[in-house]
Every structure is written in C-alpha cells, then in structure tokens.
Amino acid sequence: MSFGVQIIAALVIGLVLGLVAKYTGSTKTAPNGLGATLQTIGSSYVSLLQTAVVPLIFTAVVSSIANLRQVSNAAKLAWNTLLWFAITSLIAVLIGIGLGVLFQPGSGTGINSQGEAPGKVGSWWAFLTGLFPKNFLGLGASTTLADDAATTAVNFNVLQILVIAIAVGVAALKVGKQAEPFLNFNASALAVIQKVLWWIIRIAPLGTIGLIGNAVAIYGWDTIGSLGKFTVAIYVGLALVLFAVYPVLVRSHGLSVKQYFSGVWPAVQLAFVSRSSIGTLPLTQRVTERNLGVPSGYASFALPLGATTKMDGCAAIYPAVAAIFVAQFFGINLDFSQYLLIALVSVLGSAATAGTTGAVVMLTLTLSTLGLPLAGVGLLLSIDPILDMGRTAVNVAGQALVPTIVAKRQGILDEVLYNAPRTGTAFADEAPAQDAEAPDQASTEERELARAAS
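Predicted model, so just to flag it, every value in this text is computed and none were measured.

Points about the overall build of the protein
Looking only at helices and strands, the protein has 20 helices and 2 strands in total. Every one of the 454 residues in the protein was classed for burial, and the buried ones make up 52%. Looking at the protein alone, contacts between residues at least 24 apart form 82% of all its contacts between residues at least 6 apart. On the protein, roughly 19,900 Å² of surface is accessible, and the fraction owed to carbon and sulfur atoms is 65%.

This is the structure in structure tokens:
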C-alpha cells in the first residue's frame, strides 16, 4: 500500500475512532479509554517529530550554507528565494483580506466575547529581541503555577537556533580549509538525523490515527459550527492558494501542474496530519529534489529557510481573516490603512511562526500592531488544531513551490526529472555507494522515457 493510501486510510480510521470516543462520553478533561489512547498516540508522535527539530535545523542550515559553495550565483539564488517568498505571501494575504471582507466571519457568531487568553503574545519588539540567542542552544524555560504546584517546561527558540546556525555556517565558510572536518562531521550528523526522522515519517499513518481521532473526540462538529463562517473562510482561502494561485504560478513558468501536485503531495499529506513544517522538512526536501528536480545544493538552503519563514497559511491567510474576525466581533471598523498594515505585518513577520504550530503568535503580533483586542485570540483557540491542519499543508506546498520556480527561472531545474513518471522514489532509502549503479541506471531510463514523451 502506498504512503498516500496509508495516510488516507488512517484519516478514515481516526475519524471513526474519534466519533466513537466522543459519543461514548470521552472529553478533553476526562477522556475514556479510547480517547486517552488516541490522545497518547497523537501526542507521542508529535513529540517524536519535535525531538528532532533542534538538531535537524542546526545541521540542515549549516549544511545548506556550506552547500551554496557548489551552486553558482548563490547570492542571486538567495535573493530571488526571499523575493518569491514575499510575493506569494502578499498574494495569500490579499486573498485572506478579501475573504474576510466578503464572509464577515465575526458577525453573528452566537458566542459570547469571553475566551481563553492566548499563551503567547506577539509583538515587534519581542520578535526582534527574540532573534538574539540567550545561549548556544537557544534554550529557554517557562514556569507555570497551578494548584499550589510549579511546573517548569524547557523549550527551544527556533528562530534563535536559526540565527546560531547561520552564524556558524557563515563562519565555517570564512575559515575555509580548517573548517572542512567540522563541515564533514555536520554533514554526517545531518544524514543520521534525517534517517531517524525518516523512520518517524514512516509511522505517520499510526500518528495520523491518534491525531485525527483525538481532534474529533475533543472538538467534534459543534465547535466548528459555532465559528462556521470563520472556518469556511479560512479553508476557502487555503484552497484558493493551493489549487488556484500555485497552479497559475507553476503554469506561468512553463511547468506541468499535474507533475507539481503529484510530486509535492506526499509532503502535503504529512504536513496536514503533523501540523509542523519543521517535522515535515525531511520529506519536503526529498520530494523537492527527487520529484521536482531542484538541485540538492540549492534545495538544502531554500527548504530549511522556507520551513521557518515561508508560511502562506499560518502567516498570511489566517492572520488576515482572523484579524478581520476580531475587529468585526468587537464592532471595530477597519480603514484602508489598517488593511495595508495587515498585509505588511503578514509579509514581514512570517518568521515569527518559526515553523511550528505558531499561527497564534503571528495572530497576536498582527492584532497588537493594529491595536485590536488580544482577547479575541481566545475565541479562536478551540478550533485552532482543526484549522492548523489545512494551514500547514498550504505552508509546505508553498515551501516546495518557491525553490522550484526560482530554479526554473535561473535555468538550474532538472526538467527531465520534474516531468519523469512518479515511481515512488521519494520514499526509497538512499542506496549505498557500492550499490548505486542500479538506481543510477533506473534514473537514466526514466529520463530517457521522459525525453521521448516530451
């Protein structure tokens, strides 16, 4: 059974088990046996993905900077990558603003104005100061008090890790020959980490059952219904970007839309269930290189960068629609300049989402910049996991799209590989060096078939 079929089957099984758990009395605070099992499976799978985030980002970014030595016009590629990140984000946020005005999601919700306060609050000052690492690991800790007991949680600041990795990678390039042993060790460490992550990805169907089942058991359909217009507006926006904007960009660059979707779809599926661009990064990079034909040296730079800053779902569509929802809910009229500010914040502040389930941080950054009530964030937290699935899927699709477009524009895209039949090679293990002849031969045959077909 192919990976995609496994994921779809897991979605159906998770949905059924979640409904069974919900209608047998399972709740978020008091889950029954089935509900607790689904919750444990889902949370354990996410924990596995998150465990590998720190070493993956550090080694991937350092390697990507080192790999730029192998790519001609590296500075031009980097600039064009950032430019297309901004262009596609601007298109996405304009769609979000248009849908917010059209759907009026904050009117007539039928719910009161009291909501749970957000756990994180975004601000430009906090974003800028957060770029400076407090220690080499970007390590932080937070303590909460509940029932006369203190609980301390250790966390990593992904943006700080990104800054550290960029600094180390640039320094290694400046040092030159003396840094070769370090870069070789880093490349070996990255290969090991990616192998472990690949094992985690292969059990994604099991994690999918737990994640989807737990979401259905906790939220059901009632919560979605109370914020129906908002939910519909978000998913319409995501669908427009994924199935209209991206295909137009692909086609305008002379590439096959069908080949783009068939190539990137495995990563989109995993992103939907894992809700983490960083967790999906190994698969995104693999399909971008093997299916879409982006050179490895460039892909290893663009994909880690995109996984932390390229967020068309979380940082463009969602904050635009949600900010308009909050304004309408509290009876605040937005003028044209404030709509422009939403677009500016969404395009420039997307790095604040940091590649995890951080759209709430981006939303609070947008609301605080506009001067809108932050209490409105609490109204949307209950359905955030449901929305985050679609947001992350669009994020990952865009993260693979931009390197493909830039590679095409710069004349370095392997179009034969892009147009080759999909044979499932994106999920195959790397062949050992001594056994590499057969895969190379198969690749050559595929390319010859593609040339003949074209």
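Read on for the rest.
Digging into the packing of helix α4 (residues 74-103) against helix α10 (residues 228-252)
Look at α4 against α10: their axes get within 10 Å of each other, and the N-to-C directions meet at 145°. Seen along the crossing, α4 lies across α10 with a hand that is right-handed. Here Trp84, Thr88, Ile91, Ala92, Ile95, Leu99 and Phe103 of α4 come into contact with α10, specifically with Lys229, Val232, Ala233, Val236, Gly237, Leu240, Val241, Val245 and Leu249. Tallied by class, residues from the contact of α4 with α10 come to 13 nonpolar, 2 polar and 1 charged.

Brief notes about the pattern of salt bridges
Tallied over the full model, the rule gives 2 salt bridges. For the salt bridge of Asp388 with Arg391, the shortest nitrogen-to-oxygen distance reads 2.8 Å. Separated by 3 residues within a single helix, Asp388 and Arg391 lie in helix α18 (residues 384-409), roughly one turn from each other. Pair check on accessibility: Asp388 and Arg391 agree, each one buried. Across the pair Lys408 and Glu415 runs a salt bridge whose closest N-O atoms are separated by 2.7 Å.

Quick word on the packing of aromatic side chains
Taken as a whole, this structure holds 5 aromatic pairs when the rule is applied. Plain terms: the ring middles of Phe230 and Phe325 are 5.1 Å apart, the flat faces sit at 55° to each other, and that makes the pair tilted. In this pair, Phe230 is assigned in helix α10 and Phe325 in helix α14 (residues 313-329), connecting sequence segments 95 residues apart. Of the residues examined, Phe230 reaches a relative accessible area of 1% and is grouped as buried. Among the aromatic residues, those joined into a ring-pair cluster are Phe243, Tyr260, Phe261 and Trp265.

Comments concerning the side chain of Thr404
Tracing the chain through its elements places Thr404 in helix α18. The exposure class of Thr404 is buried, given its relative accessible area of 2%. The contacts of Thr404, once residues within four sequence positions are left out, are Leu255, Leu292, Val294, Leu413 and Tyr418.

Comments concerning the environment of Thr40
One can find Thr40 in helix α2 (residues 33-51). The exposure class of Thr40 is partly exposed, given its relative accessible area of 46%.

Focus on the side chain of Thr81
In this fold, Thr81 is placed in helix α4. In this structure Thr81 touches Tyr298, Ala302, Val402 and Val406, once residues within four positions along its chain are discounted.

Reading guide: rules and limits
- Sequence order as written defines the numbering, with residues in each chain counted from 1.
- Only residues with pLDDT of at least 70 are given local features in this predicted model, and only at 80 or more are side-chain atom pairs given and counted; all residues enter the totals for whole chains, interfaces and linings.
- No hydrogens and no water enter the side-chain calculation; it runs on all heavy atoms of the structure.
- Helix numbers and strand numbers start at the N terminus; a helix is a DSSP run of H or I with at least 4 residues, a strand a run of E with at least 2.
- Each residue's exposure class comes from its accessible area (1.4 Å probe, protein chains only) as a fraction of the maximum for that residue type: buried when under 20%, exposed when over 50%, partly exposed otherwise.
- Only heavy atoms matter for contacts: two residues are in contact if any of them lie within 4.5 Å across the pair.
- Here, Shrake-Rupley sampling with a 1.4 Å probe gives the accessible areas, and only protein chains in the shown set may cover a residue.
- A fitted line through C-alpha atoms serves as each axis, taken over the contacting stretch for helices, and the angle formed by two N-to-C directions is quoted from 0 to 180°.
- Each helix crossing is assigned a hand: it is left-handed if the near helix lies turned anticlockwise from the far helix by less than a right angle, otherwise right-handed if that turn is clockwise.
- Gly is put with the polar residues, along with every residue not named as nonpolar or charged; the nonpolar set is Ala, Val, Leu, Ile, Met, Phe, Trp, Tyr, Cys and Pro, and the charged set is Asp, Glu, Lys and Arg.
- Here a salt bridge means any side-chain nitrogen of Lys or Arg lying within 4 Å of a carboxyl oxygen belonging to Asp or Glu.
- Pairing of aromatic rings covers Phe, Tyr and Trp, the last counted by its six-membered ring, and requires centre-to-centre distances within 6.5 Å; plane angles under 30 degrees mean stacked, over 60 mean edge-to-face, and any other angle means tilted.

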